[in-house]
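For reference, the chains in residue letters:
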Amino acid sequence: MSEINITESKEKESLFHEIIRLLKENVRSYMMYIALVVIMIFFNFMTKGAFLTAMNITNLINQAGYVAVLAIGMTIILILVQIDLSIGFVAGFSGAIAAILMTQYNISEWVAIPIVALIGLAIGTYQGLIVTRLSVPAFVTTLAGMFIFRGALSLSLQKTGTIIIPNAGFNALSNGSIVDPTEGHLITIAIGVIGIILVFIAMINARRNKVKYNFQVTSLPIFVVELVAIAVVVMVIITRLASFNGLPWTAVIVGVILLGYNFMLNKTKLGRAIYGIGGNAQAAELSGINVKRVMMFAFCSMGTLAAIAGILFTSRLQSATPTAGTGFEMDAIASSYIGGVAVSGGIGKVTNTIIGTLVIMSLTNGMNLMGVDISWQYVVKGIIFIIAVAFDIRSRNMAK
Amino acid sequence: MGDYILEMKNIEKVFPGVKALDNVNFSVKRGEIHCLVGENGAGKSTLMKVLSGVYPHGTYSGDIVYDGEVQKFRNIADSESKGIAIIYQELALIPELSVYENIFFGHEIASNNIINWNETIVRAKEELKKVGLDNVDPSVKLKTLGVGQQQLVEIAKALSKNVKLLILDEPTSSLNEDDSENLLELLKKLQKEGVTSIMISHKLKEVTAIADTVTVLRDGSTICSMDAHEREIKEEEIIQNMVGRKLDNIYPKRAEKKIGDVVFELKDWTVEDPEKNYREILHHVNMNVRKGEIVGLQGLMGAGRTELAMSIFGNPKGYRITDGHLYMNGKEKRYHSPAAAIKDGLAYVTEDRKGNGLILMQDIRYNISVANLDALVKKLSINENEEIRIANYYKESINIKAPSIEQKVGNLSGGNQQKVQLAKWMFVEPNVLILDEPTRGIDVGAKFEIYTLMNRLVEEGMSIIMISSELPEILGMSDRLYVMSEGTITGELIGEEADEEKVMALAVKS
């Protein structure tokens, strides 16, 4: 027949050719890491080493936390080819509610936080219902939400103005580190080492499985290089953190959320359904997937994560302000796209989104250190964002 | 003779995984009506897309000589400027605009970029007259016209661009007999006025009635060109050239037929479409399927076959089912989502595998397991080892040609994509499998494999409803068949008593 037989390339390719092939095939994802490294080196050079100090890395993590949480939720929304513009002010509003609960009603932060998370869930539910039941496009629904929660934020702080939060536990979420009384923060280092070991086990198992089924795997030398690279990067960061205050709470919170969402996307029916709907919603529905229920999940999860992000941001400032939340959605959307979520939907990973977040927040942090004017910061971030997405679309088209 | 308006020489066009055109030569004489025939997937539409610039110069190899010059069209605008116009099966008109706006859409009559609407309306009237639509008011919205008239508007649009070579891709496939005849008359009239036409058609009666020359394509190659002025062209001859082998061995026979009790039945099934102003699209449909039986459902495009399948299969389009009963294994059911239908043992393989069947950006493994993940879930997470085993099993057992199950489905050929779709639904193990145009756009070899697979499934006790507009296929495969026309079952034919004439007569009955 007229089909071209694609034969399995069993013969051994040379290491050099493999590297070239991997570079070609994965230019998109490698580019992201390269960009991050280049940006970090650039800022470290421009700030005469201030960027990569232990203190600034801790700062960067604490600053990036709320964006990372938003971007994880946004990644799900964007894979489904939806959008949520309201998250910035939902986060701001949630932070204000948390502050009011703690200062005016004297509710403990450990009760206030779950209440605020539930409010976020309720907001997500309401927006999800409008999108799925009334078929109003998400763009319109959440644009309306942007108006509503911007107003709600102002209203809730109208009488008091900015609320200063005295609760130490609350403020520690985005300023403090895990309890680590040991000399040189050994617990932090231990967590890093255990983390690396777990990642190694997972990667080695996954590779072994692939070999068992005769799937293509990277050759052993490259695989080892990958493992070593991961170990080096993680250990550099961990030892830096240990030399300062230890592992920040923000890193723990983001890490737990990230692991949960990564598991959900890769290993569960729900994750499959999300990719399926994003790839082709009609086909997914005809395959027996309940499209509306999955959409509902996405908006509910987004609302809840927006509330958690609001808590982190409020904790970071140790206060709730009427302008909190302005432009958060832009950073979250940019993080997701820089992290490789396809503009046409159906493709994306939360782990890569975190890299995207680090790119965006490194730009913010680095330019702040350099004393770049905030207006210019927006321009620079916009330019990098559009370059990343244009590059993404181009490399995907080339692959076709 | 020998004055050719068009010569396409050694045309070759490759898509990822499939060679769609292989060394095609195609010559059209000035002023003739040239019919291009071939099975679905033979490469007719691809050839016309190469000609019209949809696939620009450089994406194919070979030469296009038109009006004595080698042409290098970069897009449709290029070919249009030379007087080539193509009219697709799916009309490229805008329903909400008026007839005259449609006729001059894209080449408006304007001076200094300001449209002269009065002149447009006058000119539109002239063009409508040429296609015999004298009585149509050019200012009405296009959507108020019937399909046949819309087709004529499309031709009027082509004429308004001073077309010299008119290409029609299955122009009569959605028309009734009167409209079809009307259209063929028009082509002859235009021929006298000097317009050359290329018509792609499956309707061989029309072809033999109208063609000056018939060219047959098969599997992406030119098989022959026949001149009607040298000798009479017979339908049988065309068919033989189209399929390349005797008709009887394309359809594998089952060793023994074990047909059991009725497993699925529809009574008085009546459906309205809210998107078409609640017009009734299916009228009191009665049909049944027995265990181990292949039931054909034939009808022309627009007869309501896909709508029927969708309304049964959980009604994802949101039609309003106003009357009727559905019985599955003797129990009355009404499915409100595809998920519910699947759970009850009903599966539907869509006619549009790229549009709503497969998730092209995902791999074979994903697509095979997606409709039956419940079978693979262990404590929240999907058992990937089992999933890989299943996917590999189907890849081997139905011969999906790909380097591994990690291959993206979008990179497979049509035949292999169709096999992935079938594997996906075989994994669900339904009782009743609805196949909608299961061999559309795939090559003859893959078709044979799919027919063999269908026989295997019914031998194992599945029941199949096969929707197809290809007469030979439905006659060759069905134990029994229903014919539909305009939303009504117009007849039921049992195996041997069915032949092309009987089916066709029922299919055009209104």
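Rules of the game
Residues numbered from 1 in each chain as written. Chains lettered and ligands numbered in written order. Predicted model: local features only at pLDDT ≥ 70, side-chain atom pairs only at ≥ 80, totals over all residues. Heavy atoms only, no water. Helix = DSSP H or I, 4+ residues; strand = E, 2+ residues; numbered from the N terminus. Buried < 20%, exposed > 50% of the residue type's maximum accessible area, 1.4 Å probe, protein only. Contact = heavy atoms within 4.5 Å. Areas by Shrake-Rupley, 256 points an atom, 1.4 Å probe, with all protein chains shown as cover. Lys, Arg positive; Asp, Glu negative; His and termini not counted. Charge placed at Lys NZ, Arg CZ, Asp CG, Glu CD. Axes fitted to C-alpha atoms, helices over the stretch in contact; angles between N-to-C directions. Parallel < 35°, antiparallel > 145°, perpendicular 65-115°, else oblique. Nonpolar A, V, L, I, M, F, W, Y, C, P; charged D, E, K, R; others polar. Core = buried A, V, L, I, M, F, W, Y, C linked by side-chain atoms within 4.5 Å. Patch = residues over 30% accessible without salt bridge, like charges linked within 9 Å, V, L, I, M, F, W, Y side chains within 5 Å. Salt bridge = Lys/Arg side-chain N within 4 Å of Asp/Glu carboxyl O. Expected span 1.5 Å × (residues − 1). Arc of directions from axis to C-beta. Buried area = accessible area lost by both parts, 1.4 Å probe. Polar contact = N/O pair within 3.5 Å; in protein donor to acceptor, adjacent residues only side chain to side chain. Pairing = 2+ DSSP bridges. Domains from an automatic or database assignment. Phe/Tyr/Trp six-rings, centres within 6.5 Å; stacked < 30°, edge-to-face > 60°. Left-handed = near helix turned anticlockwise from the far one by under 90°.

**Topic: the overall build of chain A**
And then number 1: A count of helices and strands for chain A gives 16 helices and two strands.
And then number 2: Counting the 400 residues in chain A, one finds 48% classified as buried.
And then number 3: Looking at chain A alone, contacts between residues at least 24 apart form 78% of all its contacts between residues at least 6 apart.
And then number 4: On chain A, roughly 19,000 Å² of surface is accessible, and the fraction owed to carbon and sulfur atoms is 71%.
And then number 5: Charge centroids of chain A, computed over 25 positive and 16 negative side chains, lie 4 Å from each other.

**As for the packing of helix α10 (residues 249-267) of chain A against helix α15 (residues 350-370) of chain A**
All names here are of chain A.
And then number 1: Two elements in contact, α10 and α15, have axes separated by 9 Å at closest approach and are oriented at 140 degrees. Classified by the interaxial angle, the pair formed by α10 and α15 is oblique. Only V350, T351 and I354 of α15 make contact with α10, whose side of the interface consists of V254, L258, Y261, N262 and L265.
And then number 2: Its residues assigned to classes, the contact of α10 with α15 comprises six nonpolar, two polar and no charged.

**Here we look at the nonpolar core**
And then number 1: In this structure, Y66(A) and L70(A) are the most contacted members of the largest nonpolar core, which totals 95 residues.
And then number 2: The next biggest cluster of nonpolar side chains, apart from the first, holds 80 residues, and it includes A303(B), I398(B), I405(B) and V409(B).

**A word on a negative patch on the surface**
And then number 1: Together, E177(B), D178(B), E181(B) and E185(B) make up a negatively charged patch on the protein surface.
And then number 2: Mapping E185(B) onto the fold places it in helix α6 (residues 177-192).

**A few points about α6(B)**
Residues and elements named next belong to chain B.
And then number 1: Between its terminal C-alpha atoms α6 stretches 23 Å, which fits the 22 Å expected from 16 residues at 1.5 Å a residue.
And then number 2: Listed as buried for α6 are S180, L183, L184, L186, L187 and L190. In an axial view of α6, the angular spread of the buried residues amounts to 155 degrees, which keeps them on one side of the axis. Structural note: α6 exposes E177, D178, E181 and K192 on the side pointing more than 90 degrees away from its buried face.
And then number 3: Buried residues along α6 sit in contact with β3 (33-37), α4 (117-130), α5 (147-160), β9 (165-169), β10 (196-200) and α7 (204-210).
And then number 4: Downstream of α6 by a residue or two, G194 has a phi angle that is positive, lying close to 100 degrees.

**Some points on the interface of chain A and chain B**
And then number 1: Tallying the contact residues gives 33 residues for chain A and 45 residues for chain B.
And then number 2: Taken together, the two surfaces of chain A and chain B that pack against each other cover about 3,400 Å², and 57% of this comes from carbon and sulfur.
And then number 3: Where chain A packs against chain B, one counts four salt bridges.
And then number 4: Across the salt bridge formed by E387(B) and R272(A), the nearest N and O atoms sit 2.6 Å from each other.
And then number 5: Across the chain A-chain B interface, the total number found is eleven residue pairs in polar contact (both at pLDDT 80 or more).
And then number 6: Among the elements that make up the side of chain A that touches chain B, the one with the highest residue count is helix α11 (residues 269-279) of chain A (six residues).
And then number 7: Grouping the constituent residues of the side of chain A that touches chain B by class yields twelve nonpolar, 13 polar and eight charged.

**Brief notes about the sheet that holds strand β13 (residues 262-273) of chain B**
Residues and elements named next belong to chain B.
And then number 1: Taken in spatial order, the four strands line up as β14-β13-β16-β17 in an open sheet, and their pairing is antiparallel. At either margin of the open sheet sits one strand with a lone partner, and together these are β14 (279-290) and β17 (331-333). Neighbour to neighbour, the strand axes of the sheet diverge by 15 degrees on average, direction disregarded.
And then number 2: Across eight bridges, the pairing between β13 and β14 is antiparallel.

**Thoughts on the pairing of strand β23 (residues 480-485) of chain B**
The two faces of a sheet get side chains in turn, since along a regular strand they alternate between them.
Residues and elements named next belong to chain B.
And then number 1: Across the six residues of β23, six count as buried, placing the element largely inside the fold.
And then number 2: The side-chain alternation of β23 yields two buried faces, one formed by R480, Y482 and M484 and the other by L481, V483 and S485.
And then number 3: Relative to β23, strand β15 (residues 294-298) runs parallel, the two sharing four bridges. Residue pairing in the sheet places G296 in a bridge with L481 of β23.
And then number 4: Alignment of β23 against strand β24 (residues 488-494), held across six bridges, turns out to be antiparallel. Across the sheet, the residue bridging to S485 is T488, located in β24.
And then number 5: Counting the residues between successive antiparallel strands, the hairpin from β23 to β24 contains two residues, one of them, E486, with a positive phi of roughly 45 degrees.

**Examining the domain arrangement of chain B**
And then number 1: Entries for chain B in the domain assignment read domain 1 (4-246) and domain 2 (262-345 + 430-507).
And then number 2: Between the C-alpha centres of domain 1 of chain B and domain 2 of chain B the distance comes to 32 Å.

**Notes on the sheet that holds β15(B)**
Residue and element names in this part refer to chain B.
And then number 1: Here six strands make up an open sheet; going across it, the order is β18-β21-β22-β15-β23-β24 and the pairing mixed. Looking at which strands have only one partner, the edges of the open sheet turn out to be β18 (346-349) and β24. Each strand of the sheet is rotated relative to its neighbour by a mean of 20 degrees, with strand direction disregarded.
And then number 2: Strand contacts of helix α9 (residues 305-312): β15, β18, β21 (432-436), β22 (463-468) and β23, with the helix running at about 145 degrees to β18, the strand carrying the most contacts.
And then number 3: The strands touched by helix α17 (residues 500-507) are β15, β23 and β24; relative to β23, the strand with the most contacts, the crossing angle is about 35 degrees.

**Structural notes on the packing of aromatic side chains**
And then number 1: Scanning the model with the defined rule gives 13 aromatic pairs over all chains in all.
And then number 2: Ring centres of F42(A) and F43(A) lie 5.4 Å apart, and the angle between their planes is 65 degrees; on these two criteria the pair is classed as edge-to-face.
And then number 3: F43(A) gets classed as buried once you look at its relative accessible area, which sits at 4%.
And then number 4: Summarising the aromatic geometry, the rings of F313(B) and Y348(B) are spaced 5.8 Å apart at their centres and angled 45 degrees between planes, so their arrangement reads as tilted. On the criterion of sequence distance, the pair formed by F313(B) in the loop between α9 and β16 (320-328) and Y348(B) in strand β18 is long-range, its members being 35 residues apart. Summarising the burial analysis for this pair, F313(B) and Y348(B) share the class buried.

**So, the environment of Y4(B)**
Residue and element names in this part refer to chain B.
And then number 1: By secondary structure assignment, the location of Y4 is in strand β1 (residues 4-15).
And then number 2: In the structure, Y4 is positioned 218 residues away from T222 in sequence and 18 Å away in space, judged by C-alpha atoms.
And then number 3: Setting aside anything within four residues of it in sequence, one finds Y4 in contact with S27, V28, K29 and R30.

**As for a nonpolar patch on the surface**
And then number 1: A contiguous nonpolar patch, built from F139(A), V140(A), L143(A), F147(A) and I148(A) and spanning about 500 Å² of accessible area, is present on the exposed surface.
And then number 2: By secondary structure assignment, the location of V140(A) is in helix α6 (residues 138-156).

**Considerations on the packing of helix α3 (residues 54-79) of chain A against helix α14 (residues 328-338) of chain A**
All names here are of chain A.
And then number 1: Where α3 meets α14, the closest approach of the two axes is 8 Å, and the angle between their N-to-C directions is 65 degrees. Like other packed secondary-structure pairs, α3 and α14 cross with a definite hand, here right-handed. Contact with α3, carried on its side by Y66, V67, L70, A71, M74, T75 and L78, involves F328, D331, A332, I333, S335, S336 and Y337 of α14 and no other residues of that element.
And then number 2: Classifying every residue of the contact of α3 with α14 gives ten nonpolar, three polar and one charged.

**Brief notes about the pattern of salt bridges**
And then number 1: Under the criterion given, the structure shown has 28 salt bridges over all chains.
And then number 2: Between E387(B) and R365(B) there is a salt bridge, with the nearest N and O atoms lying 3.2 Å from each other. Taken together, the positions of E387(B) in helix α13 (residues 384-397) and R365(B) in helix α12 (residues 364-369) put the pair 22 residues apart, joining distant regions of the chain. Across the pair, exposure class does not vary: E387(B) and R365(B) are buried alike.
And then number 3: Here E460(B) and R456(B) are joined by a salt bridge, their closest N and O atoms 3.6 Å apart.
And then number 4: In this structure E460(B) comes out as exposed when scored by relative accessible area, which is 57%.
And then number 5: Judged by its relative accessible area of 29%, R456(B) falls in the partly exposed class.
And then number 6: Salt bridges sharing partners connect three or more residues here, namely K267(A), R272(A), R365(B), E384(B) and E387(B).

**Re the environment of V295(B)**
And then number 1: On the secondary structure map, V295(B) appears in strand β15.
And then number 2: Leaving out residues up to four positions away in the same chain, V295(B) has contacts with N288(B), V289(B), I464(B), I465(B), M466(B), S478(B), R480(B) and Y482(B).

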